[in-house]
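Per-entry structural report
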Amino acid sequence: MTETARQPAAAIPQRLVVLISGRGSNLGALIEACEQGRLPATIVGVISNRPDAGGLEFATRHGIPSQVLDHRTYPSREAFDTDLARVIEDYAPDLVILAGFMRILTPAFVDRFTGRLLNIHPSLLPKYRGLHTHARALANGERVHGASVHFVTPELDGGPVIMQARVPVAPDDTPDTLAARVQRAEHHLYPEVVRRLCSGEIQWAGRILQADGTPLPAPLQLDEDFDDLPAS
Ligand code: GRF
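Residues numbered from 1 in each chain as written. Predicted model: local features only at pLDDT ≥ 70, side-chain atom pairs only at ≥ 80, totals over all residues. Heavy atoms only, no water.

1. Focus: the site of the ligand
As a reminder of what qualifies: Residues are labelled near a given molecule or strand when at least one of their non-hydrogen atoms is within 4 Å of it. Identification of polar contacts relies on pairs of N or O atoms within 3.5 Å, with a donor-acceptor requirement for protein atoms, meaning one able to donate a hydrogen and the other able to accept it, and with residues adjacent in sequence counted only if both atoms are side-chain atoms. With residues, only the protein chains shown are counted as cover, and all accessible areas are computed by Shrake-Rupley using a 1.4 Å probe. A helix here means a DSSP run of H or I that spans at least four residues, while a strand means a run of E at least two residues long, and both kinds are numbered starting from the N terminus.
Close contacts around the ligand come from Arg 23, Gly 24, Ser 25, Asn 26, Gly 100, Ile 120, His 121, Pro 122, Gln 183 and Glu 186, and that covers them all. A distance of 2.5 Å separates an oxygen atom of the ligand from a polar side-chain atom of Glu 186. Protein contacts shield 85% of the accessible area of the ligand, which totals 370 Å² for the unbound molecule. Residue assignment for the shell around the ligand shows that the elements contributing at least two residues are α1 (25-35), β5 (117-121) and α6 (175-198).

2. Concerning the pattern of salt bridges
Counted only if it meets this: In the sections that follow, a salt bridge refers to a side-chain nitrogen of Lys or Arg positioned within 4 Å of a carboxyl oxygen of Asp or Glu. Summary of the burial criterion: residues with accessible area below 20% of their type's maximum are buried, those above 50% are exposed, and those between are partly exposed, where the area comes from a 1.4 Å probe applied to protein chains only.
Counting across every chain of the model gives 12 salt bridges. The residue Asp 173 makes a salt bridge to Arg 181 at a minimum N-O spacing of 2.7 Å. With respect to burial, Asp 173 and Arg 181 carry one shared label: buried. As a salt-bridge pair, Glu 201 and Arg 195 come within 3.1 Å of each other at their nearest N and O atoms. When its relative accessible area of 26% is taken as the criterion, Glu 201 is described as partly exposed. Put simply, Glu 192, Arg 195, Arg 196 and Glu 201 are held in one network by salt bridges that share partners.

3. Observations regarding the sheet that holds strand β2 (residues 42-48)
Selection rule: Each pair of strands is called paired provided DSSP finds at least two bridges between the two strands. Contact criterion: two residues are considered in contact whenever any of their non-hydrogen atoms come within 4.5 Å of each other. Axes here mean lines fitted to C-alpha atoms, for a helix over just the part in contact, with angles spanning 0 to 180 degrees between N-to-C directions.
Judged by pairing direction, the sheet is mixed, and its 8 strands sit side by side in the order β3-β2-β1-β4-β5-β6-β7-β11 without closing on themselves. Here the strands that pair on one side only, and so sit at the sheet edges, are β3 (66-68) and β11 (220-221). Summarising the sheet, strand β6 (residues 144-151) and strand β7 (residues 161-168) pair through 7 bridges and their orientation is antiparallel. Within the sheet, the bridge partner assigned to Val 149 lies in β7 and is Met 163. Lying over the sheet, α6 contacts β1 (15-20), β4 (95-98), β5, β6, β7 and β11, oriented at roughly 150 degrees with respect to β7.

4. Some thoughts on the packing of α1 against α6
Keep this limit in mind: Oblique is the label for every angle not falling under 35 degrees (roughly parallel), over 145 degrees (roughly antiparallel), or within 65 to 115 degrees (roughly perpendicular). When the near helix sits turned anticlockwise from the far one by under a right angle, the crossing is termed left-handed; a clockwise turn instead gives a right-handed crossing. Gly is placed with the polar residues, together with every amino acid not listed as nonpolar (Ala, Val, Leu, Ile, Met, Phe, Trp, Tyr, Cys and Pro) or charged (Asp, Glu, Lys and Arg).
Contact geometry for α1 and α6: axes closest at 9 Å, N-to-C directions at 45 degrees. By the criterion of interaxial angle, the relationship of α1 to α6 is oblique. Note that α1 runs across α6; the crossing there is right-handed. Along its contact with α1, which presents Ser 25, Asn 26, Ala 29, Leu 30 and Ala 33, the element α6 presents Gln 183, Glu 186, His 187, Tyr 190, Pro 191 and Val 194. Within the contact of α1 with α6, the residues separate by chemical class into 6 nonpolar, 4 polar and 1 charged.

If you want it as structure tokens, here you go:
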């Protein structure tokens, strides 16, 4: 990677590019937050690695430019990531937001966007990195589960966690019911984290996560209640 390819994170991010692979409900939540003025930013582009991603509909409906880069048409992960980086840079984004983007990214790609690359993961990291987080949380008898938004580093699901949302686990939860509760929390969590980045409340300074100019000792917690369990 060349130094010219690397761009520093903007002090106050405003231009967002969102990467999706599927349903795009988090993309929908971010669009709604921008349109309602809760998020002082503009989604300038949506990119999907799957032509059939439902989230592309959200982009079309809201007049946001979108592109498909079908990973299956590339000879290697490196070739795909190189093209993906080129397409992203064309939008000149301040933040690149992974919202259900189901691809492992190469270290070169992550390095190029360090400090501008965010992900949402359906667990209270560092617990349950990787896949099938809800089933694993249930199998372990967790009483509390949730979602985390973190900066992306080359370590899978291992970057600094900015903020988490916690949800209770019901005794009769299945992976699907638990996933639905976590997703509802995600739709509040992701716009709130991006809002704080876009207002300068949270910064990634010299690879250190800061809130209001002070290093964050632990992830912030979203102060909202996602207890929609039936009364017993
Ligand atoms: C979310 O649960 C997110 O945590 C995970 O992928 C899912 C994406 O859902 N990374 P959607 O496509 O935003 O509906």
